Amino acid sequence: MTKMANSSIPLNHIKIDDIFWNKYIKHVKEVIIPYQWEALNDRLEGVEPSHCIENFRIAAGESKGEFAGAVFQDTDVAKWLEAVAFVLSHERDEELEKIADETIELIGRAQQADGYLNTYYTIKAPSLRFSNLTEGHELYTAGHMIEAAVAYYEATGKDKFLQIVSKFADLICENFGNKENQIHGYPGHQEIELALVKLYRITGEKRYLDTAKYFIDARGVGENYFLKEEKSEKFKRIFPEFERYDPKYSQSHAPVREQKTAEGHAVRATYMYSAMADLADEYGDQELLKACDTIWDDMVNRRMYITGSIGSSGILERFTTDYDLPNDVNYSETCASIGLALFGKRMAQIKKDATYIDVVERALYNTVLAGIALDGQSFFYVNPLEMWPDSCIDRTSKEHVKTVRQTWFGVACCPPNIARTLASLGQYIYFQEEDTIYVNMYIGNVCETSMNQVPIRLTLTGEFPWKSSMTIQVEAEREVSGCLAFRIPDYAQEFQILKNGKKVEKVKVSKGYAYLEGVFYHDTISIEFQMESVFVHAHPAVRENVGKVAVVKGPLVYCLEETDNFLNLASIFVNTEQPLEEEFEEELLDGTIVIKFKGKKVREDEWDAHTLYKIKGVEFQDVPLKAIPYCYWNNRKSGEMMVWIKELYQEEMR
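Just so it is clear, the model here is predicted, and its values are computed rather than measured.

Parameters and conventions
Residues numbered from 1 in each chain as written. Predicted model: local features only at pLDDT ≥ 70, side-chain atom pairs only at ≥ 80, totals over all residues. Heavy atoms only, no water. Axes fitted to C-alpha atoms, helices over the stretch in contact; angles between N-to-C directions. Helix = DSSP H or I, 4+ residues; strand = E, 2+ residues; numbered from the N terminus. Left-handed = near helix turned anticlockwise from the far one by under 90°. Contact = heavy atoms within 4.5 Å. Nonpolar A, V, L, I, M, F, W, Y, C, P; charged D, E, K, R; others polar. 1 Å grid on protein atoms, 1.4 Å probe; cavity = no way out; pocket = protein on both sides within 12 Å on 5 of 7 lines; lining within 4 Å. Points joined across faces, edges and corners; volume = space filled by probe spheres on them. Buried < 20%, exposed > 50% of the residue type's maximum accessible area, 1.4 Å probe, protein only.

## As for the packing of helix α1 (residues 22-40) against helix α15 (residues 414-423)
Contact geometry of α1 with α15 gives a least axis separation of 10 Å together with a crossing angle of 145°. Of the two elements, α1 crosses α15, and the hand of that crossing is left-handed. Each of Tyr-24, Ile-25, Val-28, Ile-32 and Gln-36 in α1 lies in contact with α15, whose residues at this interface are Pro-415, Pro-416, Ala-419, Leu-422 and Ala-423. Here the residues of the contact of α1 with α15 sort into nine nonpolar, one polar and no charged.

Spelled out as structure tokens, the structure:
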């Protein structure tokens, strides 16, 4: 075995204890994982059936019946197992581990003699293996299985699952490539590429890395494989909406090194970009890394919401064009923001550039958390920035937008993806290379690692994001020379570092990191900066938001909810020259800072239900407004919600 696959500092060396994140993380083991296990076994009343575990029993010959669910249904089990692995890496639990081991044994029994593993094709279409890469999700499903197995091995040291997926990976390596007797195709839904890199890093088997490279290098080169595949006699359509297939949907419209814009299905895209970053790092491929940067720039500076969500179209869950960011019909899938975070984390570590973490942090604190309720038992797949529940009607442009979080989904990729993300949150806090430890996110934790081969413990405390003063207590086994690199967030003002109570006057700053070099032993490091609530404008080309503002505090985007304000939030205007008042409400939403300010609401009292239009000047009434963090919206009751508010300029106030 070679090196860690999931984090440069082992996740079991990072224990999170954070005033903001605890309210979610405390649910992972006790609520989220048990709840999702019941869902995977179809034991939740009134919840759309999953059939996941039953599919494996049927594939193993231990139960009779037909395959049920989506073609990629196996991935819900894989992501659940990965979440379990991350939990076990922090705290071993005999009962939970036993359930996981039994599930892995079941997966092993469902595996075919040659290593093939996919319940849809095993049960429903055994003669059609690898004949529909466009829609079949075989390689995508394999990727999630590999990721889960790698995490489980790192957490427990048990290699049963690793052996299962390695056998399947060997079959894939044998079947795919540029040799004459191989399939010259690539995944319709990317995922296996980044998974094979992880498998290589944990096993040292270079064929896995080379196959990942093949999938990336072959994509979009020459005649499009998916369009060619459709003409095959063995090809059987699974999704009718793919009848007129657009290669941009799967980022196969051009060789990856020539792609300049973020295109197509947002989850497919970010998983592929993550693999591109991994491969650029492993092979020292500067051309591939440059392509990652070009796409990143387009995605986050022209196609990303202020909440760190991506994929603006409800049709095919995809990117559209620059600055097309509608607020009430957008898709913004939770999984896409998770993919964005995975991509950004890789780029930050490769380039030692904290600006990528600014985006990662925004996605995690806003869209990813909005995807799960505070009780851990209901979920959003779609994350709008504006909600008028009455207008979210089936068979309309808003039919994909849910007015309340759902207890489960028939296609449930987001809930277990959130579970594995929360369980592995430590991977985003630090990364380490040689004698430098990078502090990326100010999440309270205790981290045990080493600096120049000397054991060292870092204890980060604070009340971020409510307050922007954090402390890191350093305890080394003996004096050690090294460096702590602290991220300076893009919203931080007057950033400073104090060591043992004294301001550090000379700190090297590069690419958003402040490098504190020196000798460490028993030291107290303080990081302080200003992080006031502010009004933020969007680029004027974002047509939806021209003349509007959003309220932001640090990484948190705020929103107005009907429950704190009133109906018809769209009738509100706000003067941005006023101060914003922050107030911590301990009993609200498990404790949160709310932001209060004044607004003007268009008067409606002179209108009646029989008059739709009339010549009339706009009249306003003064109203108090109260905003809460976007991630907490819809945790009390259904109602209107709005992030972007119309701005009322001073000349209009006179």
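## Remarks on empty space enclosed by the protein
Going through the model one piece at a time under the given rule, you end up with two cavities of 30 Å³ or more. Reported here for the largest cavity is a volume of approximately 40 Å³. Taken together, Leu-133, His-137, Glu-138, Leu-139, Tyr-140, Pro-187, Gly-188 and His-189 make up the full set of residues lining the largest cavity. Along the lines of polarity and charge, the residues of the lining of the largest cavity split into four nonpolar, three polar and one charged. Approximately 30 Å³ is the volume found for the second largest cavity. Forming the boundary of the second largest cavity are Arg-303, Gly-311, Ser-312, Phe-319, Thr-320, Thr-321, Asp-324 and Leu-325. The residue inventory of the lining of the second largest cavity, partitioned by class, reads two nonpolar, four polar and two charged.

## Points about the side chain of His-27
Turning to its location among the elements, His-27 is positioned in helix α1. A relative accessible area of 15% means that His-27 is categorised as buried. Sequence-distant contacts of His-27, that is, excluding residues within four places in its chain, are made with Ile-32, Leu-374, Asp-375 and Gly-376.

## Description of the environment of Ile-593
Among the structural elements, Ile-593 can be located in strand β17 (residues 592-602). The exposure class assigned to Ile-593 is buried, which follows from its relative accessible area of 7%. Sequence separation between Ile-593 and Pro-255 is 338 residues, and the spatial gap between their C-alpha atoms is 47 Å. Excluding residues that lie within four positions of it along the chain, Ile-593 makes contacts with Trp-466, Lys-553, Tyr-558, Glu-582, Glu-583, Phe-584 and Pro-629.

## Re the layout of surface pockets
One number sums up the size of the largest pocket: a volume of about 910 Å³. If you go around the largest pocket, you meet 35 residues; those closest to its centre are Phe-72, Glu-317, Tyr-331, Tyr-381 and Val-411. Quantified by volume, the second largest pocket comes out at close to 740 Å³. Every element with two or more residues in the lining of the second largest pocket is listed here: α12 (286-302), α14 (355-370) and β12 (533-536). Tallying contributions element by element places α14 first for the lining of the second largest pocket, with five residues. Of the residues contributing to the lining of the second largest pocket, the split by class is 18 nonpolar, eight polar and six charged.

Purely spatial values, then, with no claim about function.
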